[in-house]
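# Structural overview
In case you want the letters, here they are:
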Amino acid sequence: MSIIGLGFLRGGLEIKQFLRQRESVVFTLAFPVILLFIFGSVFKNTIAPGVTFSQYFVAGMVASGLVNTGFQQLAISIPMSRDVGTLKRLRGTPMSPISYFIGKGIVVTAAMLFQVALLLGFGALLFGLHLPTSPALWLRFTWLIVLGSACSTVLGIAFSSVPKSGRGASAVVSPIVIILQFLSGVFFVFSDLPKWMQDIAAIFPLKWLTQGMRSVFLPDSFAIKEAGHSWEIGKIALILVIWLVIGTLASMRSFKWVQE
Amino acid sequence: MTSSSAAISVRGLRKSYDGVEVVAGIDLEVARGEIFTILGPNGAGKSTTVEILEGYRKADSGELLVLGENPARPASGERVWRNRIGIVLQSVSDAGDLTVAETVHHFARYYTKAKDPDHVIELVGLTEKAHAKIETLSGGQRRRLDVALGIIGSPEILFLDEPTTGFDPEARRAFWELIRTLRDEGTTILLTTHYLDEAQALADRVAVMLKGRIIEIATPDLLGGRGDALARISWSEGGTTQHSESSNPTAFVTQLSTRLGGEIPDLTVTRPSLEDIYLRMIGEA
C-alpha cells in the first residue's frame, strides 16, 4: 500500500480508537462546550457596540479548540503511545512516519470538525453568535481551520518528543496550552491585556488564530478594537504559514518512534 | 567479510552505552531457514544485539547484514526491507480498545504478502477471542496476538524476543508447533529465550551470550561438550546412595547388576541437561 494509502488506513483506525475511549471523547469534545457554557453564562457584558463577551469568547474557543484537539492531544497521546510500545511496534513494520503523521492528521481533523460544529451550534443557539453569511467569510473560515489545524498537528508531533514519558506529558503540555489561552485573547479581551503580554502572545500562533476567528464571527466594526486596529488577515496567514513550516521541519527532525 | 546469502551475518558488532560496552564484538551467521536461539542471563546483551539486528538501535561498529541489507539503512528502502521481516517484541500493551480481529486485519494491510488474517488468528489459537477487545485478553493471549502480528506479513525472517513468557504449558507446546511450521515454510527464526527446554525443543543452533560476548555456538545436544559428558549413575547399596560417572554407562550398569545379583536398587542414569551445562557455562565465565 502507498504511503498515503497507509496514512488513511491508519487514520481510520485511530478514529475508531478515539471514539472508543470515552474519556478522550468527553474531554476533548465536550470540555470546550462546557467552558463555553460557563463563560458565556457568567460574562454577559457588552464589550463593543453590538458585541458581547460571549460572542468574543466563542470565536476564541473555536481557535483554541484547534489547539486542544491538535497540539495538546498529540503532544500527550504520542508519548503515551511510545510508552506502551505502539510506536515501537509500528516502527518494526512497513509503516512510514509520513503515514503515521497523515493518520494523526486525519483523526485530529475529524475531532476538530466535530468540535467546531458543536461550538458553533451552541454558540449560535445560546450565546447570540452570528454565523457569517458571506461566502468570502466562510472561505476565510475554511482556510483558517485548515491552516490552524495543520499548524496545531505538526507542532503537536514536534512537541511530543519533549516529554520524557507519557505520564509526565500532560503535566508539561497542559499548562502551556492554558497559559497561551490566557495570553492569546481566549479568556480575556486581547486588547485589554498589558502590552508585554500581548507582545509575548504575538509570537505564538494561537493569538493570530483567535484574531482570525474574530474576523469571521464579529462585525467588521470591531476590527478597530483589535490591538493592531485592523484584522491583519495577511499577517495572520503569514504567521500561521511560518509556524506550519517550523512545525513540519521540527517534527521531521525530532520525531522518535522509540525513546532510547 | 559478511555473507549476503545468509539470513543474518554479523562481524565484530559492538555497542556501548555511557562508556559501558554492552555488546563487545560479536560474530554470528544464521543460515536461511534456521532456528537460531540466543541464550544468556539478563544483562548479557541479548536484547541489544537483537534490537540492532531489527534496526531499532545503531551499532557503534561492526559489519551487519540482515537479508543482505544493513538494518540501520537498508539500500532497498526502509519499507521494502521491513516488508520482509517480522518482529515479536517484549511487553507491548497497546491498542486495548480494538478487537483481535480488527488489529490483525489492520496490520495485514501493511504488507505486500500478508497471510490470511483469520487463518493467522487461528494459528495462534485466538479464534474464540477474535472479537474480544485486546484489553480483556490475558497476558498469554496478548503474547499470542503479538506473535500473530509478527507473522502476518509472511516474513522471511522472524525475530522472537522471549515469546512464550506468560504461556501455560499447553500454549507453549502449541506455539512451538507453530514455530516449527514456520521453519518448514522456510522462515528463518531468531529466538531469544530464558527457557532452556524451549531452546532444546526448537533450536537448530544455540548461542550462549555472556557479558556482551558469545561464548559458544553449538547445536543444543553438543553445547558445552554435552555430547561427550560422562553419564552419572546412582544407586543404593548397603543403606547409602552411591554415585559414579562413566563414559560407558551400559557396561557399568551390567557389571553392577552382576555384582548385586540382578536388580539394582534405586538405579538412575542421567546425562547433564542443557540447563546443567548452561548454568555451568555462565557460572564459570
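To keep things clear, this report deals only with the structure shown in the data block. None of these values were measured; they are calculated from a predicted model.

Definitions and limits used
- Residues numbered from 1 in each chain as written.
- Chains lettered and ligands numbered in written order.
- Predicted model: local features only at pLDDT ≥ 70, side-chain atom pairs only at ≥ 80, totals over all residues.
- Heavy atoms only, no water.
- Phe/Tyr/Trp six-rings, centres within 6.5 Å; stacked < 30°, edge-to-face > 60°.
- Helix = DSSP H or I, 4+ residues; strand = E, 2+ residues; numbered from the N terminus.
- Buried < 20%, exposed > 50% of the residue type's maximum accessible area, 1.4 Å probe, protein only.
- Lys NZ or Arg CZ within 6 Å of the ring centre and 35° of its normal.
- Pairing = 2+ DSSP bridges.
- Axes fitted to C-alpha atoms, helices over the stretch in contact; angles between N-to-C directions.
- Contact = heavy atoms within 4.5 Å.
- Core = buried A, V, L, I, M, F, W, Y, C linked by side-chain atoms within 4.5 Å.
- 1 Å grid on protein atoms, 1.4 Å probe; cavity = no way out; pocket = protein on both sides within 12 Å on 5 of 7 lines; lining within 4 Å.
- Points joined across faces, edges and corners; volume = space filled by probe spheres on them.
- Nonpolar A, V, L, I, M, F, W, Y, C, P; charged D, E, K, R; others polar.
- Parallel < 35°, antiparallel > 145°, perpendicular 65-115°, else oblique.
- Left-handed = near helix turned anticlockwise from the far one by under 90°.

The next point concerns the packing of aromatic side chains. On inspection of all chains with the given rule, the structure shows 18 aromatic pairs over all chains. When the ring of Phe 71 of chain A is compared with that of Phe 159 of chain A, the centres are 5.4 Å apart and the planes differ by 55°; the resulting orientation is tilted. In this pair, Phe 71 of chain A sits in helix H3 (residues 53-84) while Phe 159 of chain A sits in helix H6 (residues 135-159), placing the two residues 88 residues apart along the sequence. On the accessibility criterion, Phe 71 of chain A (13% relative accessible area) is buried. Each member of the aromatic cluster is reached from another via a ring pair, and the members are Phe 39, Phe 53, Tyr 56, Phe 57, Phe 182, Phe 187 and Phe 188 of chain A. The ring of Tyr 56 of chain B carries the charged tip of Lys 88 of chain A above its face, separated from the ring centre by 5.2 Å. The positively charged end of Lys 207 of chain A is found above the aromatic ring belonging to Trp 208 of chain A, 3.7 Å away from the centroid.

Residue and element names in this part refer to chain B. One open sheet holds the three strands; their spatial order is S11-S10-S12, and the pairing between them is antiparallel. Looking along the sheet, the strands with just one partner apiece sit at the ends: strand S11 (240-246) and strand S12 (268-270). Neighbour-to-neighbour, the strand axes of this sheet turn through a mean angle of 20°, independent of strand direction. The strands that helix H8 (residues 249-260) touches are strand S10 (231-237), S11 and S12; relative to S10, the one it contacts most, it runs at about 10°.

Now for the nonpolar core. Counting residues in hydrophobic clusters, the biggest one holds 111 residues, and the most contacted among them are Tyr 100, Phe 141 and Met 213 of chain A. By residue number, the principal contributor to this core is H3 of chain A, which donates 15 residues. Val 23, Val 30, Leu 53 and Met 209 of chain B belong to the second-largest nonpolar core, a separate cluster that totals 27 residues.

In this approach a probe as big as a water molecule rolls over the atoms, and the regions it shows empty are the leftover space. Residue and element names in this part refer to chain A. Put simply, the largest pocket is a space of about 1,100 Å³. What lines the largest pocket is a set of 41 residues, among which Gln 21, Ser 24, Gln 73, Ser 77 and Met 80 lie closest to the centre. Contributing elements (two or more residues each) for the lining of the largest pocket: helix H1 (3-20), helix H2 (22-42), H3, helix H5 (97-126) and helix H7 (166-183). In terms of residues, the lining of the largest pocket owes the most to one element, H3, which gives 10 residues. Looking at the lining of the largest pocket, its residues break down into 16 nonpolar, 16 polar and nine charged.

In this section: empty space enclosed by the protein. Counted by the stated rule, this structure contains two cavities of 30 Å³ or more. Space inside the largest cavity adds up to approximately 120 Å³. The wall of the largest cavity is formed by 17 residues, among which Arg 89 of chain A together with Asp 94, Ala 95, Thr 103 and Phe 107 of chain B lie closest to the centre. Elements with a minimum of two residues in the lining of the largest cavity: H1 and helix H4 (86-91) of chain A together with helix H3 (100-108) and helix H5 (139-151) of chain B. Here the lining of the largest cavity is composed, by residue class, of eight nonpolar, four polar and five charged. Every residue lining the second largest cavity is counted, 13 residues in all, and those nearest its centre are Arg 89 and Thr 93 of chain A together with Ile 87, Tyr 111 and Leu 149 of chain B.

For any two helices packed against each other, the geometry is given by the interaxial angle and the distance between the axes. All names here are of chain A. One way to put it is that H2 packs onto H3 with a least axis distance of 10 Å and a crossing angle of 160°. On the basis of their axis angle, the class for H2 and H3 is roughly antiparallel. In this structure, H2 meets H3 at a crossing whose hand is right-handed. Along its contact with H2, which presents Thr 28, Pro 32, Leu 35, Leu 36, Phe 39 and Gly 40, the element H3 presents Phe 53, Ser 54, Phe 57, Val 58, Met 61, Asn 68, Thr 69 and Gln 73. For the contact of H2 with H3, the residue count by class is eight nonpolar, six polar and no charged.

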